[in-house]
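Listed below are the residues making up each chain.
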Amino acid sequence: MTQHQRLLIIDFGSQVTQLIARRLRELNVYCEIHPFNSVTDASLREMAPQAVILSGGPASVTQDDSPRAPQAVFDMGVPVFGICYGQQVMMEQLGGSVEAGHHAEYGRAFIAPAPGHKADGIFSGLFDTGREEVWMSHGDRVTSLAPGFEVIGTSPNAPMAMIADETRHFYAVQFHPEVHHTPNGRTMLENFVRLAGFTGDWTMASYKDEAIRKIREQVGDRKVICGLSGGVDSSVAAVLIHEAIGDQLTCVFVDHGLLRLNEGDEVVKMFRDNYNIPLIAADEADLFLGQLEGVSDPETKRKIIGGLFIDVFQKYATQIEGADFLAQGTLYPDVIESVSFSGGPSVTIKSHHNVGGLPEKMGLKLVEPLRELFKDEVRELGRELGLPASFIGRHPFPGPGLAIRCPGEITREKLEILRKADAVFIDQIRKHGLYDDIWQAFVAILPVRTVGVMGDGRTYDFACALRAVNSVDGMTADYYPFTHEFLGETATRIINEVKGINRCTYDITSKPPGTIEWE
């Protein structure tokens, strides 16, 4: 049982609830996320949190049966911070009012200080420039305050955007301080945990120690097989689990025919050269590509690949006597895009091949020690575990591989073209010294052919899209600002060196509204 000071986050289903936890971890504060419908008076007494944060969510407090916080939250005598829906819940339950049907507000907004009210408490240090830039995402808004509260900041579409009851240390905002688009959001959270008396006693070293303890408790003396892709996530998961249970772990690397150029050989060599962990290298390309033949729908692709991964691991698990667990490098962005982290009402964006549990027929239980971490936190954990820089610095690569970088039907011809184009793009990025400046970069081959001219001849070949993004946590991303010279040079190399492509484009879509991958 952890002895850390605890902060409880009550989750109402926001897509960015885990970002609250991430920001708190940056402040070395231990926190737990629990869905609103699992928090009871008894669990609150047992947990004894030092403070509570109420998350955002997609519901409206004006609707019947909309989520509520346990009333005990407001009777415990600890600081409470309501965010977006959390603000509205706080007002609704403490005697204020919320109305729907007002002008919705999404994206950047500016908060001005309310006349005559000083920004103290968690708002201390704000409004140095006269106003605060924030990120809004709401349709409803508070229209009257609960007793004891006063308005600290206001915006045109949220006249009670920042409110406080300093006597009880209750605070609430209509915007999202946890996202990077609210520049001083960290300041508010830092002020809040300081006000609540947190000393910052949680570190990645302590996370590692607790994860190892939990793995040992879960696994006991039984054996684990780990799906190894060679990427950061599965590599860190494998090394962490190996540190916990040693030779009870066997890794399985599946070449599903959807890897990048020479990647299968490189991953096996890299892992065997660095770690003394039993590794099975399974060439299952024909199985996967055969099942994907003629399939163009992206969700169907993902589900086929996910199902085949389970079949393959089940096959190899039978070769390992006593294997009762399957380990995966599932991260929180995978989880939140597939299903709400808390089981709450957040919206599914897309399926992930390694999310959602395993069929009972497989007979294996899941071990997912990274499930609550973001990519940058996994890299930090990797450094804590002593992984080589070459492991930690690799760009993310999705489990479904090139299948989701090949919109439309997958063919061996298109995959070979895509591999070569991707290799040129990454080589260009490395030659220009940009690899470590970019979160993720890849090529997608488009499901269209275009007319071109090479020499004196007409071509009718595929077009491709270059994609390079910067991100902190994978939840939001923006395109990398290559120079036109770089893009021109790269397009020329791809078209000259890769037979089958005669046109290159550069994808400058951010996330949202797009996703990082094409499918």
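To be clear, the structure that these remarks concern was listed above.
Residues numbered from 1 in each chain as written. Predicted model: local features only at pLDDT ≥ 70, side-chain atom pairs only at ≥ 80, totals over all residues. Heavy atoms only, no water.

Draft legend 1. Structural context of the overall build of the chain. Secondary structure assignment for the chain yields 14 helices and 20 strands. Looking at the chain as a whole, 58% of its 519 residues are labelled buried. Here the contacts in the chain between residues at least 6 apart in sequence split such that 75% fall between residues at least 24 apart. Here the chain displays about 21,300 Å² of accessible surface, and carbon together with sulfur accounts for 49% of that area. (Helix = DSSP H or I, 4+ residues; strand = E, 2+ residues; numbered from the N terminus. Buried < 20%, exposed > 50% of the residue type's maximum accessible area, 1.4 Å probe, protein only. Contact = heavy atoms within 4.5 Å. Areas by Shrake-Rupley, 256 points an atom, 1.4 Å probe, with all protein chains shown as cover.)

Draft legend 2. Focus on the sheet that holds strand E15 (residues 323-327). The sheet built from five strands is open, its strands ordered E14-E13-E12-E15-E16 with parallel pairing. Among the strands making up the open sheet, the edge pair consists of strand E14 (279-283) and strand E16 (365-367). For this sheet, the mean angle separating the axes of adjacent strands, direction not counted, is 30 degrees. As paired strands, strand E13 (residues 249-255) and E14 are joined by five bridges and run parallel to one another. When the sheet's bridge partners are listed, Asp255 is paired in E14 with Asp283. Packed onto the sheet, helix H5 (residues 204-219) meets strand E12 (223-228), E15 and E16 and runs at close to 165 degrees relative to E16. (Pairing = 2+ DSSP bridges. Axes fitted to C-alpha atoms, helices over the stretch in contact; angles between N-to-C directions.)

Draft legend 3. Up close: unusual backbone geometry. At the junction of Lys511 and Pro512, the peptide bond is cis and its omega measures out at -15 degrees in the coordinates. You can see Pro512 is positioned in the segment after strand E20 (501-506). In this chain, Pro512 is followed by Pro513 through a cis amide linkage whose omega measures 15 degrees. Looking at the secondary structure, you find Pro513 in the segment after E20. For Cys84, which is not glycine, the phi torsion reads 55 degrees and is therefore positive. Tracing the backbone through its elements, the reader meets Cys84 in the loop between strand E4 (80-83) and helix H3 (85-94). At His169, a residue that is not glycine, the phi angle is positive and equals roughly 60 degrees. Along the chain, His169 turns up in the loop between strand E10 (158-165) and strand E11 (170-173).

Draft legend 4. Fine view of the environment of Asp286. Relative to the helices and strands, Asp286 is located in helix H8 (residues 285-292). Spatially, the C-alpha atom of Asp286 lies 7.2 Å from that of Gly257, the residues being 29 residues apart in sequence. There is a polar contact of 3.0 Å between the side chain of Asp286 and the side chain of Arg412. (Polar contact = N/O pair within 3.5 Å; in protein donor to acceptor, adjacent residues only side chain to side chain.)

Draft legend 5. Just the nonpolar core, in detail. Within the largest apolar cluster, 95 residues are counted, with the highest numbers of intra-cluster contacts made by Ile429 and Phe482. Ranked by residue count, the leading element in this core is helix H6 (residues 232-245), at nine residues. Those residues within four positions of Ile429 in sequence are excluded, and the remaining contacts are Leu434, Tyr435, Ile438, Ala441, Phe482 and Phe486. In terms of nonpolar packing, the next biggest core, distinct from the first, is built from 37 residues, Ile83, Met136, Val173 and Ala196 among them. (Core = buried A, V, L, I, M, F, W, Y, C linked by side-chain atoms within 4.5 Å.)

Draft legend 6. Local environment of the side chain of Thr330. Following the sequence through the fold, Thr330 ends up in the loop between E15 and helix H10 (332-338). Taking the relative accessible area as the measure of exposure, Thr330 reaches 0% and is therefore buried. Separated by 2.7 Å, the side chains of Thr330 and Glu368 make a polar contact.

Draft legend 7. Layout of the pairing of strand E3 (residues 51-54). With burial as the criterion, each face of E3 is covered, one bearing Ala51 and Ile53 and the other bearing Val52 and Leu54. Where strand E1 (residues 7-11) and E3 come together, four bridges link them in parallel fashion. Residue pairing across strands places Leu7 opposite Ala51, the latter belonging to E3. When E3 meets E4, the two strands line up parallel, connected through three bridges. Note on E4: the bridge partner recorded for Leu54 is Gly82.

Draft legend 8. Inspection of the pairing of E15 at higher detail. For E15, a buried count of four out of five residues is recorded, marking the element as mostly surrounded by other parts of the structure. Pairing between E15 and E16: three bridges, direction parallel. Paired with Phe325 across the strands is Lys365, a residue of E16.

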